[in-house]
Amino acid sequence: RLPNSAGMAAKCAVPYGFMFQPLAPVPAGWPEVPTVNFGSVGTVVRCAKCRTYMNPFVVWEANGRRWVCNLCGAPNETPSSYYSNLDEQGRRMDRNERPELYTGAVEFIATGEYMVRPPQPPVFMFLIDVSYSAVNSGYVESVAHAIKEVLSDGSLPGDTRTKVGIMTFDNSVHFYNLAAGKSQAQMLVVADLEDLFLPLPDDILVNMLDTDRNVNEVVLSLLDSLPSMFRSTKVNESCLGSALKGAHTAMKHIGGKVMVFSSLIPTLGECALKPSREQPRLMNTERESELLRPAHKEGEGYVAMAAEMTRVQVGVELFLAPHAYIDSPSLAVLAKNTGGDVWYYPQFHPQTLGEKLLKDVQHVLTREMGWEAVMRVRVSRGWKITQHFGHFFVRGKDLLCLPNCHADQTVGCAVELDPEGGAPDALVTVQCALLYTNSTGERRIRVHTFCAPSTQNVAEVVGGVDPQACSWLLQQIALEQCLNAKVADGRSYLHQQCQKIVAILNAGGADSLQTLPLYIMGFLKSVALRSSNDVTFDARSCAWTRLGSLSVANCAACFYPRMFALHAMEPDCGHPDAEGRIKLPQTSNLTKDQMTADGVYLLEDGETVLMWIGGQVNPAFLASVFGVPSLDQLDVNVAEQSIGTTGDQLSTAVANILATVRAERTIWMRLYILPQQHPQESRFFQSLVEDRTLGMQLTYQEFLQRMGYRAAQPAAAAPPQMQRGY
């Protein structure tokens, strides 16, 4: 429920907003989003005044010949070909036959008026750093292998229209003729970075299914040979900006996605950056935020390049694997403003991060995608949208442009009561509409309509708060303040909001707010905000960018991970139930007070999985799960390979739990096995946010008391549970 007056809204102590994940995978057991074709009507039925799409909450009048928009209140004539009689309750007789009238999530097949050109095909340009750093670290070989895996198994989305291209760069830009009709690709080097030109206008982007010119064999052969082609290179410089300009020139007539794999700060050519910009002494000072913003101003450098990429429907996905400062705040704007993401692999080595890179590349290339998309969110009378959050480029006032959108992408908005919009309706409606081209070349409109009652009762509003969604919104607002002002301002905002929430809890507030302070504290202790010397500018910037488009559930896991006690789980945990679903153990509070020296604990935060094994662990557990008799014989580098293969039921159960936890997250999570006294053991304990950690020397109870909690001995909150569904 939502408040119906500004005065009551102020009493509720939480911001108001909506989050959308338009292309989210449909959860198991849920129906697919229905498709609606208005071809017989001639056009998609919408409000003539505010352009709201037909939805279940409109009001019908004049026996169905007129309908009133539930967002703006304007009356609309019903097209004769869309007419239906009404029943005694004023509802359309055919409402159960039309998905747009009985469900809040539908997909309209767009008519010709929604197309300014033929639907765009899926296009992927792979832009690979081949400098000494990238080659020597094994990054080039790992990247080539990951791309080849996807191209070889035919899982790339689209049909016969799908196109791919490969470019490499160091201190020059290398184009490849992939359709020469020969057994090998032809490389053409452009060294003039000031006057970059396209040497092969027609054969840089090719169709993998072009059998007449052996394109598939040529592309796969090039990927196989890339590591050896540059194995002896001594060039350790990057002209990424010029390479991106070349990719833009090759793709601007069609659009698509650029997959950038980079390991060095680009110091040459277009949009060159300076390594001297890194100033570690400014970290955790008032000037910190200056170096967490792009080096280039609006209309310059990568900011201008991102705007131009958006204009021609090109999105950018960044895979950064630096061994030194790479200035991710300046590069991240390329992904953030074009609907992409930043994937971060510091100190990359194939043994530690190679599988993670492979899984991430596979996921990015094979998830559901939309092309040349625009999105708009509308809200009903009496309310207004004050901010949008996510990865997109804003055109005009509220049109969100996403050259490439995908299943993981989450977009949110903050709303307020509008004093100029009149009294709010009794039912508040918000509608999100995404116009996009799917990978098979169909223009679609994915529409989500949500309706909630407004009330004068504060308890009803507070009682209906979704703590994970609210923490997502608080996080986005705080990060905006960090970026536009100072990092300290973002932290201060969270403290102030937490104090307001605690004040409501002191007054006997709703249970729905109980876990909000826990999420806020977890956020304050995370890489994104904690004040500690172990966080670099690159790491913090990448964390901010990742959080900018993560789903609500994944963000909640970042702030408050899940921990399972594997040694003490019930016998049926890790085994399928009658419906085939794996039962997970009960979650534990994130404090070492819940742990024992003979325990084995699995912790996941949406990005990684950590398994801590106590020094006094039962040898029978090790023998059952890993097939080793003692902890000192456990090789943590290969131990995961033994899980589920020993033939023991406990080993199978642990393997099933690990697989289920991974399946519940969109991002593949690497497992780190950390026996007690392991050099990286502190990584596990830093995730126990209810204890004192490096970034904040406060336990959860101490934090609550500092926020004003009045209970003499505040009880530890039960660990939040993962929300299922969208």
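So, how was this worked out
- Residues numbered from 1 in each chain as written.
- Predicted model: local features only at pLDDT ≥ 70, side-chain atom pairs only at ≥ 80, totals over all residues.
- Heavy atoms only, no water.
- Helix = DSSP H or I, 4+ residues; strand = E, 2+ residues; numbered from the N terminus.
- Buried < 20%, exposed > 50% of the residue type's maximum accessible area, 1.4 Å probe, protein only.
- Contact = heavy atoms within 4.5 Å.
- Areas by Shrake-Rupley, 256 points an atom, 1.4 Å probe, with all protein chains shown as cover.
- Lys, Arg positive; Asp, Glu negative; His and termini not counted.
- Charge placed at Lys NZ, Arg CZ, Asp CG, Glu CD.
- Salt bridge = Lys/Arg side-chain N within 4 Å of Asp/Glu carboxyl O.
- Phe/Tyr/Trp six-rings, centres within 6.5 Å; stacked < 30°, edge-to-face > 60°.
- Lys NZ or Arg CZ within 6 Å of the ring centre and 35° of its normal.
- Axes fitted to C-alpha atoms, helices over the stretch in contact; angles between N-to-C directions.
- Parallel < 35°, antiparallel > 145°, perpendicular 65-115°, else oblique.
- Nonpolar A, V, L, I, M, F, W, Y, C, P; charged D, E, K, R; others polar.
- Pairing = 2+ DSSP bridges.
- Left-handed = near helix turned anticlockwise from the far one by under 90°.
- Expected span 1.5 Å × (residues − 1).
- Polar contact = N/O pair within 3.5 Å; in protein donor to acceptor, adjacent residues only side chain to side chain.

### Here's the deal with the overall build of the protein
Now for step 1: Each helix and strand in the protein was counted, giving 19 helices and 26 strands.
Now for step 2: Principal-axis analysis of the C-alpha atoms gives the protein an extent of 80 × 65 × 55 Å.
Now for step 3: A total of 726 residues make up the protein; the buried ones form 57% of that total.
Now for step 4: Counting contacts in the protein only where the partners sit at least 6 residues apart, residues at least 24 apart contribute 73% of the total.
Now for step 5: For the protein, the exposed area adds up to about 29500 Å²; of that, 49% sits on carbon and sulfur atoms.
Now for step 6: Across the protein, 61 positive and 73 negative side-chain charges occur, with their mean positions spaced 6 Å apart.

### Focus on the pattern of salt bridges
Now for step 1: With the rule as written, the count across this model stands at 38 salt bridges.
Now for step 2: Here Arg562 makes a salt bridge to Glu664, at a shortest N to O gap of 2.8 Å. Of this pair, Arg562 sits in strand S23 (residues 562-565) while Glu664 sits in the loop between helix H17 (649-663) and strand S26 (670-675); the two residues are 102 residues apart in sequence, bridging distant segments of the chain. Exposure class is identical for Arg562 and Glu664. Each is buried.

### Description of the packing of aromatic side chains
Two descriptors summarise a pair of aromatic rings, namely the distance from one centre to the other and the angle between the planes of the rings.
Now for step 1: In total, this model carries 14 aromatic pairs according to the counting rule given.
Now for step 2: Each residue in the set Phe38, Tyr53, Tyr82 and Phe108 is aromatic and connected to the rest through ring pairs, giving one cluster.
Now for step 3: Just above the ring of Tyr83 sits the side chain of Arg65; from NZ or CZ to the centre is 4.3 Å.
Now for step 4: Between the NZ or CZ atom of Arg683 and the centre of the ring of Tyr672, over which it lies, the distance is 4.3 Å.

### Details of the side chain of Arg546
Now for step 1: Among the secondary structure elements, Arg546 is positioned in helix H14 (residues 537-547).
Now for step 2: Look at Arg546 and you get buried, because its relative accessible area is 12%.
Now for step 3: In contact with Arg546, other than residues within four places in its own chain, are Asp341, Val342, Trp343, Glu607 and Ile667.

### Some words on the packing of helix H11 (residues 467-484) against helix H15 (residues 552-559)
Now for step 1: Close contact between H11 and H15 brings their axes to 9 Å; oriented N to C, the two are set at 80°. Compared by their axis directions, H11 and H15 come out roughly perpendicular. Residues Gln468, Ala469, Ser471, Trp472 and Gln475 of H11 form the contact with H15, whose own contacting residues are Val552, Ala553, Cys555, Ala556 and Phe559.
Now for step 2: In the contact of H11 with H15, the residues fall into 7 nonpolar, 3 polar and no charged.

### Brief notes about helix H8 (residues 328-336)
Now for step 1: Taking burial as the measure, the 9 residues of H8 include 8 buried ones, the bulk of the element.
Now for step 2: If you check which residues of H8 are buried, you get Ser328, Pro329, Ser330, Leu331, Ala332, Val333, Leu334 and Ala335.
Now for step 3: On the buried face of H8, the contacting elements are helix H6 (240-251), helix H7 (301-311), strand S14 (314-320), strand S15 (342-344) and H14.

### Some details on the sheet that holds strand S6 (residues 75-77)
Now for step 1: Ordered in space as S4-S5-S6, the 3 strands form an open sheet in which the pairing is antiparallel. Each end of this open sheet is capped by a strand with a single partner; those strands are strand S4 (59-61) and S6. Ignoring which end each strand starts from, the neighbouring axes of this sheet average 30° apart.

### Describing the pairing of strand S19 (residues 399-406)
Now for step 1: Within S19, 8 of the 8 residues are buried, which leaves it mostly tucked inside the rest of the structure.
Now for step 2: As paired strands, strand S16 (residues 369-379) and S19 are joined by 6 bridges and run antiparallel to one another. Residue pairing across strands places Met375 opposite Leu400, the latter belonging to S19.
Now for step 3: The sheet contact formed by strand S18 (residues 393-395) and S19 spans 3 bridges and is antiparallel. By the bridge assignment for S19, Val394 is matched with Leu400.
Now for step 4: The hairpin turn running from S18 into S19, its antiparallel successor, is 3 residues long, and Gly396 in that turn takes a positive phi close to 70°.

### What to know about the environment of Leu244
Now for step 1: Relative to the helices and strands, Leu244 resides in helix H6.
Now for step 2: By relative accessible area, Leu244 is classed as buried at 0%.
Now for step 3: Residues Leu244 and Pro576, spaced 332 residues apart in sequence, show a C-alpha to C-alpha distance of 48 Å.

### Quick word on unusual backbone geometry
Now for step 1: With a phi angle near 50°, Ala62 is a residue other than glycine that sits in the positive phi range.
Now for step 2: Residue position: Ala62 is located in the loop between S4 and strand S5 (66-68).
Now for step 3: Accessibility expressed as a relative area gives 40% for Ala62, which makes it partly exposed.

### Topic: the pairing of S14
Now for step 1: Counting buried residues along S14, 7 of its 7 residues qualify, which places the element largely inside the surrounding structure.
Now for step 2: Because side chains alternate across S14, one face comprises the buried residues Val314, Val316, Leu318 and Leu320, and the other comprises Gly315, Glu317 and Phe319, equally buried.
Now for step 3: Relative to S14, strand S13 (residues 256-262) is paired through 7 bridges, and the arrangement is parallel. From the neighbouring strand, Lys257 faces S14, where its bridge partner is Gly315.

### Quick word on the sheet that holds strand S24 (residues 600-604)
Now for step 1: Sheet architecture is open: 4 strands sit in the order S23-S24-S25-S26, paired in mixed fashion. Two strands bound the open sheet, and with one partner strand each, they are S23 and S26. The average undirected angle you get between the axes of adjacent strands in this sheet is 20°.
Now for step 2: Along the sheet, H17 makes contact with S23, S24, strand S25 (608-613) and S26, crossing S26 at roughly 135°.

### Section: the packing of H11 against helix H12 (residues 487-506)
Now for step 1: Contact geometry of H11 with H12 gives a least axis separation of 6 Å together with a crossing angle of 150°. Looking at the two axes, H11 sits roughly antiparallel to H12. Every pair of crossing elements has a handedness; the one defined by H11 and H12 is right-handed. On the side of H11, the interface is formed by Leu474, Ile477, Ala478, Gln481 and Cys482, while H12 contributes Val487, Asp489, Gly490, Tyr493, Leu494 and Gln497.
Now for step 2: Within the contact of H11 with H12, the residues separate by chemical class into 7 nonpolar, 3 polar and 1 charged.

### Some points on H17
Since one α-helical turn is 3.6 residues long, residues separated by three or four positions face the same way.
Now for step 1: The terminal C-alpha atoms of H17 lie 21 Å apart, and with 15 residues this matches the ideal 21 Å at 1.5 Å per residue to within 8%.
Now for step 2: When H17 is considered as a whole, its buried residues turn out to be Ser651, Ala653, Val654, Ile657, Leu658, Thr660, Val661 and Arg662.
Now for step 3: Tucked inside the fold, the buried residues of H17 contact S23, S24, S25, helix H16 (619-625) and S26.
Now for step 4: Where H17 begins, the side chain of Asp648 points an oxygen toward the backbone nitrogen of Leu650, at a separation of 2.8 Å.

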